[in-house]
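# Structural description and commentary
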Amino acid sequence: MSRGTKGSVWPEPDEPTVREGRHRRRNGMTLQPIATGIRAAAVAGLLAAISMPAAAGPDFAAEVRPILQKCLPCHGPDAHSRMANLRLDSREAATGAEGGYAGIVPGDSAASRVMARVTADSSPMPPTGERLSEREIETLAAWIDAGAAYESHWAFNPPVAPGPPEVSDPGWIRNPIDGFVLSRLDSEGLRPSREADRDTMVRRLALDLTGLPPTPEEADAFAADTSPEAYANLVDRLLNSSAYGERWARVWLDLARYADSMGYEKDSLRTIWPYRDWVVRALNDNMPFDEFTIRQLAGDLLPDPSTDDLIATGFHRNTMTNTEGGTDDEEFRDAAVKDRVATTGQTWMGLTWGCAQCHSHKYDPVSHAEFYSLYAFFNQTADSDRNDDSPTLEVSGDVSTPVLSELSGTERRETFVHKSGNFMNRGERVEPGVPAAFHPLPPEAPRNRLGLARWLVAEENPLTARVAVNRIWARLFGAGIVATEEDFGTQGTQPTHPELLDWLATEFMRSGWDVKGLIRTVVASATYRQTSDATAAALAADPENTLLARGPRFRLPAETVRDQALAASGLLSRKIGGPPVMPWQPAGIWQVVYSNRQWETSPGPDRHRRALYTLWRRTSPYPAMTTFDAPSGETCTVRRIRTNTPLQALVTLNDPTLMEAAQHLAGRAMAEAGPEDEAILDRLFRLVLTRPPSAAERERLLALREETARDLEADPASAAKLASYDQVLYTSLRRRTLLADTRTEAPVWRYTSEEPGADWTLSGFDDSEWSVGRGAFGISRAAPESKDPYEASIRTAWDTTDLWMRITFDIHEPGLDGLRFEVRHSGGFEAYVNGIPAAGDLDGSGVHSPYAMSRAAAASLRRAGNVLAVRAIHTGLTDARRNIDLGLTALSPPEFRLTGSAAAAKASWAVVANVVLNLDEALTKS
Amino acid sequence: MSTALEFAKQQTRRHFLRGCQLGLASMFLGSLDTARAAGTDALSPKRPHHVPRAKSVIYLHMAGGPSQLELFDPKPELQKHTGADCPQHLLEGKRFAFIKGVPQLLGTPYRFHRAGQSGAWVSELLPRFAEVVDDAAIIRSMTTQEFNHAPAQLLLHTGNQRLGSASIGAWATYGLGTENRNLPGFVVLVSGNKTPSAGKSLWGSGFLPSVHQGVQCRTQGDPVLYLSNPDGMSRSLRRRTLDALGDLNRLEQERSGARDTLARIEQYELAYRMQASVPEVMDISREPDSVHSLYGTEPGKLSFANNCLLARRLVENGVRFVQLYDWGWDHHGTARRTDIRYDLPDRTRATDRPIAALIADLKQRGLLDETLVVWGGEFGRTPMRENRQGDKTEYYGRDHHPFAFTMWLAGGGIKGGVSHGSTDDIGYYVDSDPVTPRDLQATLLHLLGLDPYEFHYLHKGLRQRLIGPTNEGRVVKELLA
């Protein structure tokens, strides 16, 4: 079937190379073909024989390649989609020396067919998009006339340490970074900015290195330290704090597409946090980046791997697992392996290898077959889209985490090219190998993941070090030296400072891949230490700050928005590692099919852990963080695109967690600063922004506080809530058990399986003839010591279709609210309180789920002697999951600790804190 | 073949029709880049590639896979052979989600009637839809490759059966922006108690900037997450805090010169306006009784009917793309609640009237011409009884069926009264005019004024497109007015 080739951008698969043209004519005219194969071949042959000196002409990388790039979708390395047998991606091919059509005659633009085609009045090339500009056409002609010299793409040549450039002001230079930056500024006629003040620097450093704001005391100490080592000491202290590993782990986990769930439809939870904790540890230990690489890609293949080496292989077990019924495990195993190839290319080499899974890459040197040679490295692991994520490694008693495990001997798989990327459509067989355009695998290197990992971090690898330093640079400066961090190929952007990139890359390797050392060097530079304040002229000269004439300024990442507010308020738990936690989130986020697991706010300090530890479920990620551009974890994310939306304002203004932080921040400032309003405000301001407020800022915020306090004096209910916001937020803190279910104890019920009289729900009904038994009721076929809480909870047998149950309960506390049954059942049930219908369902979920008590039933409650009557109906076809367990809980009224003027005062400060946490400066690293 | 001849062929063959559109396309794409570079609003209205036929879209997705055989595609032959073994040749090499062994053919328990001027076949389960059938183009020849919910939903809504691509609504706001900045441009409404299988990825922005992700509006709790002020903070107090915030941010902006600060001050003001406009548009209680009786809506209830009325209110207020998901159409027949005799009528009772009301209401307000309404599931259901539990079950249902199913479109740019495509005698395969998810996507983009082949986003070195990397997606011209 061949249809819809209209305006084809990509080829249809499996069509012969020679096809009908898809080039569009802009009018009905037909161009006469000019070139003849004979002449072109003769010329090309002649030229190929003489070596071409690099003649003066346009800069190939900067000027010519971007033009040729427009031709490559149809005239590039992908033979499948090549049109007119013309290739323009190398000199040999373009001149016909490789047997194809000779589009370029070096030295003679007039004779070059390419020129005729781009200048044609009708159907000029390229066929889609705008036609080439006059200037582009002139450039192309000048380049051909100068000999049509190609240069290989810069990123495919290994970096060479450049010498220091000449600069106008050697006194400004703190380390070699500054030389490269200043030399570029000199050439543009720009001057660097002054150094930022100390408060700004300590906040910038703390946020960059640890993801947390400095305390005012740290800032004071730094401001007071006049020694020449003050700055370096501060940097070392921050790099040595455990928060450093947590902050930079998050950067790495975006690449690792880390999540606490398996993805796809069921998106069940998985235990892979040991891998996350390994990343934190490895970074805090400053594991060299080459080791860090080898352990994650091939820790299991090292001799005598340690437990940590195995956990590290979790990097590639973050691929998704499909546990939906009826799925083909091989299909999803294949998807995982492809994802590993693509992610490896993205993470280490900044290349889009994934493009080559269906066809040869359009721009970069990785062919369709080479993709599958890379695939072959990853195709020998034992994992196979199994529901239990096996193989797993037992880390401790009840914690097992997915790891890579190499197949051996007869279990090993053959690898074939997948035609059009379809795993069922096998092409030629391939062996593990690396793309030919790059340095070869050493002959003695094992042809497995270990060999590949070492190849990635080999000194000859042109990309790994550049990609790594560029990533760190981008996190510190807001944009990479190569802006397209995810694409160092020919489609990516040119480096703004190529020599700086190469200096950093070579220095990084020379240092033994010392990550902390690299960061230390970057932040020590005068470039990093500039103020980010900008004059209108500076903004006009370089709006995006690509030339680095000022310091970095950009919105904080999602995690830091939360962590900073919690840290400033004193709420932040500094516990490191362990299972993910569930901080507060709005109700109803987790309504996903097949999942009855509820999001229940973690108890105690766990609800105030760093964002890194928030349970991350791919199909319903934590909403406040996705609003701030945190990725879902579905695929490798190299660079978060920062957006700016009103939904972000709603989060920082209204997210109850941030309001709770505001309330605590207010309380902290009041406790630490004494009774004076100015002192409280200064303290509050410094806790968030490090710097003290200006006079104008102070005046404005104090006015806000006074007006607010005055209004809240007249509105004590609002004042009480704002002053004790945690009481509003954590209903879980107020939930009381009125009648236990078997999760806490097994209460005694009256029950019968004989249908009772119609009045069985009423208080006065005589149930003394009924049996007596403890919940839960059901059929258990498991041994009593079964670990399954569901099986283990069954105390009383129930094997009929219907079961009638009654129990009496008292209420000791007045003013209860939010009454709800906590019911676990798989079939139907109906519940009555004092004879009044209270709750029911035809079809239960099989896990404890809340059912609100009806208003009428709640109104019937009295202090003592309430009767709960329940009819359970088994609806399943088999005995499986025949069970019911039921309890009753309620909310006690919030205990507002503050009332009257005290509440109004505290609440007014909480409102001020809410404003300060929303200041643009607070949400920005500047 | 000589290269010269090849060149000659290229000059003389087709593809010359769209030349004039290309200029627009490149202008358009250029303008997007410029907008981004200047830090201007990514959601401000943008010029389409060509004159759009639809300004906005209401997409009604019946998650789970509604049965075409009970609703739109009557098969007398299937009726006749109910109980017969499914022919072996239809099963060979096939994978089903649950069917094992040789299943039996199953006719429908429902009657079909010809409806409207067009005489389209409609099931007795859809009496109200039958009244508006002449406004719809029914596609009985939908076909997909995916037989599991999540991948099939993702393929339909993001163009990729795997997670991580951008959804149609995100593409729409990326390409066209939105008309009312006091409301989100892409709104998602979910009913049936559960989010669909593929979860929030179905309205994710994928590789597009996250500003384009769908915003789920809820009918209970905050209509948009975090919309309400903290407990105890009144709207007037919020206004006062925003005034102070604005003053301080302006001071900071004067000091630092940062341009982002100005944009962010504006986002806070937008947020404040959304706090008023979203609850207002979400509050259906102010609609007159006549509207409530038309839709069958009850303010405050969580229902598909309420969502239909909300959808009308949202497009009326300039929302670009409204996506409804209704969970509960996965009628396997493993229990009463998945039985095509018991539960399916409940589902159609809950949806038939509001859908017909939506079309009539849009029409009466003059909005139908510019609003595209789409109805369908991620796949259809087998002509065979699933019978997963063998003889033990008394319930009737069907397994997932990717090969043939029905969807319909109405409104903006759609020719009403059209019946497009057909299936074989038992409804197993499409036997004429197949329409794939890619075709549907191409058609939707086309109606919105976007060229499905040109419309792309550069990501990881690829021109990412809704219709995927190949050009097999085709605008289904037969449906267009």
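For every chain, the first residue of the written sequence is number 1, and numbering continues from 1 along that sequence. Labels are handed out in written order, letters beginning with A for the chains and numbers beginning with 1 for the ligands. In keeping with the predicted nature of the model, local features appear solely for residues at pLDDT of at least 70, side-chain atom pairs appear and are counted solely at 80 or more, and the whole-chain, interface and lining totals rest on all residues.

## Concerning the overall build of chain B
Numbering goes from the N terminus for both helices and strands, where a helix is a DSSP run of H or I of at least four residues and a strand is a run of E of at least two. For chain B, the count of helices and strands is 14 helices and 16 strands. For 481 residues, the compact-globule estimate of 2.2 N^0.38 gives 23 Å, and chain B sits close to it at 24 Å. Referenced to the eigenvectors of the C-alpha coordinate spread, the extents of chain B come out at roughly 80 × 75 × 40 Å. Partly exposed residues are those whose C-beta has more than 12 but fewer than 20 other C-beta atoms within 10 Å; 20 or more makes a residue buried and 12 or fewer makes it exposed, with C-beta atoms placed from the backbone. Residues classed as buried in chain B amount to 60% of the 481 residues present. Across chain B, the fraction of contacts at a sequence separation of at least 24, relative to all contacts at a separation of at least 6, is 76%. When we talk radius of gyration, it's over C-alpha atoms, and the globule rule is simply 2.2 Å times the number of residues to the 0.38. Note that contacts rest on C-beta atoms placed from the backbone: two residues are in contact if these are within 7 Å.

## Points about the sheet that holds strand β14 (residues 836-841) of chain A
Residue and element names in this part refer to chain A. Strand order in the open sheet made by the six strands is β8-β7-β11-β16-β13-β14, with antiparallel pairing throughout. Each having just a single partner strand, β8 (771-774) and β14 make up the two edges of the open sheet. For this sheet, the mean inter-axis angle between neighbouring strands, taken without regard to orientation, is 25°. When DSSP locates at least two bridges between a pair of strands, those strands are taken to pair. Orientation is described by lines fitted to C-alpha atoms, with helices fitted over the stretch in contact, and by angles between N-to-C directions that extend from 0 to 180 degrees.

## Structural notes on helix α24 (residues 646-654) of chain A
The buried fraction of α24(A) amounts to nine of the nine residues, a majority that puts the element mostly inside the structure. For α24(A), the complete set of buried residues consists of A:Pro646, A:Leu647, A:Gln648, A:Ala649, A:Leu650, A:Val651, A:Thr652, A:Leu653 and A:Asn654.

## Brief notes about unusual backbone geometry
All names here are of chain A. Omega for the peptide link from Ser-390 to Pro-391 comes to 0°, which places this bond in the cis form. With respect to the secondary-structure elements, Pro-391 resides in the loop between α16 (368-378) and β1 (392-396). If you check the backbone angles, Asp-304 has positive phi at about 45° while not being a glycine. Assignment of secondary structure puts Asp-304 in the loop between α13 (289-298) and α14 (307-312). Notably, Asp-389 is not glycine yet its phi reads approximately 60°, a positive angle. Residue position: Asp-389 is located in the loop between α16 and β1.

## Some points on the domain arrangement of chain B
A common way to express how large an interface is: the accessible area buried when the components associate. Residue and element names in this part refer to chain B. Each assigned domain of chain B is listed with its residue range as follows: domain 1 (42-220 + 300-450) and domain 2 (226-288). The interface is formed by ten residues belonging to domain 1 together with nine residues belonging to domain 2. When residues are grouped by polarity, Ala, Val, Leu, Ile, Met, Phe, Trp, Tyr, Cys and Pro land in nonpolar, Asp, Glu, Lys and Arg in charged, and all others, Gly among them, in polar. Partitioning the side of domain 1 that touches domain 2 into residue classes produces five nonpolar, three polar and two charged. Source of the domain bounds: an automatic or database domain assignment.

## Structural notes on the confidence of the model for chain B
Parts of the prediction with low pLDDT should not have their coordinates interpreted in detail. Considering every residue of chain B, the mean pLDDT works out to 87; 90% of them sit at 70 or more. For this predicted complex, the interface confidence score (ipTM) comes to 0.82, while the overall pTM stands at 0.80. The predictor rates its confidence in each residue with pLDDT, a number between 0 and 100.

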